[in-house]
Amino acid sequence: MSDQNDDFSAGERLARPSRNAPPPRRPRSPRRRSLIGGIVSFFISSLYRLVFLVAVAGIVVAGGAFLYFSADLPSIESLKTYKPPLESRVYASNFQLLAEVGTQHSIYVPYDQIPQVVQNAFISAEDRLFWVEPGINPLAIVRAGLTDIARIGSGRRPLGASTITQQVVKNMLLDNHITFGTKIKEALLAMRVSQAMSKQQVLTLYLNEVDLGQNSFGVAAAAQTYFDEPLSQLDIAQAATLAALPKAPTSYNPFLHPQASLQRRNFVIGRMLADGVINAAQAAAAQAEPLLPKAGQAQQSVPDGGYFADAVHAQLVQQFGEDEVNTGGLIVRTSLNPALQEAATTAVRNGLERYDRDYDGWHGLVGRVADPDLAADWQALLQKQSTPPGLRHGWRLGIVLAATENSARIGTTDLSSGTTAAGTLPLANMRWARPWVHGYMAARPSSTADVLHPGDVIIVSGDLNALSLEQIPKVQGALISMDPATGRIVAMVGGWSHDVSPYNRAIQAQRQPGSSVKPLVYLTAMEQNIQPDAQVLDGPFVQVMPDGTVYRPGNYENSFQGPVPIFHALEQSLNLATLHLARQITLPAIAKTFQDFGIVDKMPPYFPSAIGAIDTTLWKMTTAYATLDQYGRLVTPSLIDSVTNPDGTVLYQAPGEQCANCVNGDPNQPPQLTTPGQQVADADSVYQMLTMMRGVVLRGTGVPAVQGISQPVAGKTGTTNNFNDAWFIGFTPGIVTGCWVGFDTPTDLGENETGGNVCGPIWNEYMKVALKNQPPVDFAAPAGMTLQQVPEPDGQMVTEAFKPGQSPGAQNANGLLGGGMDSLGGSGNGGTLAAPEGSGTPGAPPLPSSIDKSLGGLY
């Protein structure tokens, strides 16, 4: 058997079934195999169809979405010619910064001036694949998309996945409202931008536009804001600090959140190390660097130049439009002289303080603190107090700790160390602070306790061992100073402080000028060939007004002097003599002079107008006096010397002196300089006025203004009804300055508070600075004019100017000017002449008590 089995081949033995093996399967029928194959084929073919349909549907949906979101995409062409919004910068005449005007602080820097370290820091922080990606980062988009799907319904913002290119698109072509739709548009535009522009162009746009907080846009502006450094000087740590900001400019602001800023900065430095743009030693040194080695400071601007800057801004907007001023990067050079601006501000504030202390008593309490342990807690309480605007240099807050008879103990700040300390306020340094009791100002305090009480928050100045009590005045003032030859405004003060009130009283306040208009009245007489020594009646003046009321003005002294020479009437600012002269030369003639000199558009045709019962501004009045200074050539005031755009193109140049013979003239002849301006009065008549106005400051109401000044000065005071307004405007051949003082709501300044007494010292203090080291230059006499001696009423001989053909006393034989009884009638002459009261001679009875001083000037 075995032998037989051994005869089987190996293949046969393998093919023979084992005894334990299952029985062999029966072969499948052809029919069954066909059914199974058909089912499989059906499913496979169906799957192919489904995949095909899904693919087609996806293509259709994607194409439709592409068409839908591409339909209203903005053009990217604007990016190729993009000009960033740049703030305009306004400079003083010495190129010291005066103001920055714009909606955002930005400084444009071209690509080749952006340091590599800054570029690397922002790319590491914001878009590590910037140089190789097609404008978007697909992996980041998928990751953000999955996260956003999971957040649906949570109310949270979609997760960002923006590349630098996408941020440029979002900031400059789209709005910041994040939706799935805007993200798709952002991605589509980013790809377009990446194809149309170089990476360098895109990065330049981004680094000049990115919001870095503190209203600073772009890396150059931020470098200035946070480090007070030019962009080229930033190190790795500083660059990383800026690169940390785009993610959240407020949350990572180093001023507001230094710890968060430091952590984010160091993260960026780590990214830079990982990206290979810095080495380990540089990274370690940068992370060890303090966050702000030098805190950024605003560029030093002209102190107290706010009123001037506002006026310049208004003129720029009027000339170029708001948008161009705010975004056009204009470079504006003005006429402001910082040294004279400082002198003007100081003089006005000193003058307002003097008045305030004399007439307004103590009103300077800032607040009160109640603390049972004041002696121990005052430092913390002082730190909580808000500093009021408008404090002068060296002024600061203090808390009264104790008040005794001779001194008060004040907790305040030591100026030398900057720390808090207690100081002494002697009674002598607050004697001016008369308290108000039941609405009346009491006598000067005999004890500090009459005014101060523990817990009072006050303003003090001076050293700790001798503090002085201070307060911000209620009264206001204004000053304008001008170069009359060119009209350039060199200084302007519009009030106590622009921080307290930006209302510019030099330009905006419409006030009655009072007697400061009288030089224009007397100029009208000179132009009618009336001599300076002609006699005019200083006597009662009664006029029936068109509405039937009787106008009976009086002089400041409530008396009259009878016949006086015209020059004396101006020196002493005699109202009645001025009105009689006005009657002689007629109101229409005066109105024409007022209007030609620009102090009013149309003068009300009434006699009160001739003594200042009109509304005008210090700007207009100072300009009119500048026209007098220029012998009748109309002066146009100017704030702006030039305006250029960022490319250096001159957009505006102020008209100035012109030379008639500088190009083709005889080189041996001096230049013939002319200044534009219409001649509105003849030079001979104006010179007569200049000489008479010199008498005002030498012998008349303007004497306080020129004490200690050696240069020849011409000027005139102005004091309005009830002493509501005080004026002084005066000039030398080289500078004209006008001053006004009053309350914003017209209120009595006080008895005898005239223009000479209130504004005169302010003008004097300022002009001593303006005229320092200036040689005395007299007003030049026009050809043919002569200076001759004439008598004052008291017999004193003075010098006045006469035209060719005139001589002293020649017109006195013709009688008094304006003293007749003729009815002039008509509204153009201010009403009907009524009979005068009194004899019109010295010694006559005083004017009746019913004199109406509600219209016109007093002095």
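Bear in mind that the values here come from a model prediction, so they are computed numbers and not experimental data. (Residues numbered from 1 in each chain as written. Predicted model: local features only at pLDDT ≥ 70, side-chain atom pairs only at ≥ 80, totals over all residues. Heavy atoms only, no water.)

A. Region of the structure containing the environment of Val798. You can see Val798 is positioned in strand E28 (residues 797-802). Residue Val798 is classed as buried on the basis of its relative accessible area of 3%. When the C-alpha atoms of Val798 and Arg699 are compared, they prove to be 9.8 Å apart, with 99 residues separating the residues in sequence. Those residues in contact with Val798 that lie beyond four places of it in its chain are Phe567, Arg699, Gln788, Gln789, Val790 and Glu792. (Helix = DSSP H or I, 4+ residues; strand = E, 2+ residues; numbered from the N terminus. Buried < 20%, exposed > 50% of the residue type's maximum accessible area, 1.4 Å probe, protein only. Contact = heavy atoms within 4.5 Å.)

B. How the structure looks around the packing of aromatic side chains. Scanning the model with the defined rule gives 13 aromatic pairs in all. With a centroid separation of 6.1 Å and 70 degrees between ring planes, the pair formed by Tyr355 and Phe743 is classed as edge-to-face. Here Phe743 lies in the loop between strand E26 (736-742) and helix H24 (755-770) and Tyr355 lies in helix H16 (residues 338-359), a separation of 388 residues in the sequence. For the pair Tyr355 and Phe743, one class covers both residues: buried. Connected via pairs of aromatic rings, a cluster forms that spans Tyr355, Tyr359 and Phe743. Stacked on the ring of Phe130, the Lys or Arg Lys199 has its end atom at 4.8 Å from the ring centre. (Phe/Tyr/Trp six-rings, centres within 6.5 Å; stacked < 30°, edge-to-face > 60°. Lys NZ or Arg CZ within 6 Å of the ring centre and 35° of its normal.)

C. Structural view of the pattern of salt bridges. In this structure the tally under the stated criterion is 16 salt bridges. For Glu571, the salt bridge identified is with Arg699, shortest N-O distance 2.6 Å. Taken together, the residues Glu571 in helix H19 (residues 566-571) and Arg699 in helix H23 (residues 683-699) connect sequence positions 128 residues apart. Classification of Glu571 by relative accessible area gives buried; the value is 0%. The partner of Glu800 in a salt bridge is Arg699, and the shortest N-O contact between them spans 3.9 Å. Here Glu800 is found in strand E28, whereas its partner Arg699 is found in helix H23, with 101 residues between them in sequence. By relative accessible area, which is 25% here, Arg699 ends up partly exposed. (Salt bridge = Lys/Arg side-chain N within 4 Å of Asp/Glu carboxyl O.)

D. The nonpolar core, seen in detail. Counting residues in hydrophobic clusters, the biggest one holds 95 residues, and the most contacted among them are Ile566 and Phe594. Those residues in contact with Ile566 that lie beyond four places of it in its chain are Tyr522, Met526, Ile530, Gln531, Pro532, Asp533, Ala534, Val536, Leu581, Met692 and Leu817. Residues Leu79, Val109, Ile136 and Met272 belong to the second largest nonpolar core, which totals 51 residues. (Core = buried A, V, L, I, M, F, W, Y, C linked by side-chain atoms within 4.5 Å.)

E. Structural view of the sheet that holds E26. Pairing is antiparallel in the open sheet, where 5 strands are placed in the order E15-E14-E26-E25-E24. Each edge of the open sheet is held by one strand with a lone partner, namely strand E15 (488-493) and strand E24 (714-719). Ignoring which end each strand starts from, the neighbouring axes of this sheet average 10 degrees apart. Looking at chain direction, E24 and strand E25 (residues 725-731) are connected through 6 bridges and run antiparallel. Bridge pairing in E25 links Gly715 to Gly730. Packing of H23 onto the sheet brings it into contact with E24 and E25, and relative to E24 it is tilted by some 60 degrees. (Pairing = 2+ DSSP bridges. Axes fitted to C-alpha atoms, helices over the stretch in contact; angles between N-to-C directions.)

F. Quick peek at the sheet that holds strand E1 (residues 88-91). A sheet is described by the order of its strands in space; here 5 strands give the open sequence E2-E1-E5-E20-E21, paired in mixed fashion. The sheet terminates laterally at strand E2 (97-101) and strand E21 (650-653), the two strands that pair on one side only. With direction set aside, neighbouring strand axes in the sheet form an average angle of 15 degrees. Together, E1, E2, strand E5 (331-334), strand E20 (640-644) and E21 form the strand contacts of helix H14 (residues 306-320), whose direction differs from that of E20 by roughly 50 degrees.

G. Representation of a nonpolar patch on the surface within the structure. On the surface, Leu129, Trp131 and Val132 cluster together into a nonpolar patch covering about 320 Å² of accessible area. Position of Val132 among the secondary structure elements: in the loop between helix H5 (116-126) and helix H6 (138-150). (Patch = residues over 30% accessible without salt bridge, like charges linked within 9 Å, V, L, I, M, F, W, Y side chains within 5 Å. Areas by Shrake-Rupley, 256 points an atom, 1.4 Å probe, with all protein chains shown as cover.)

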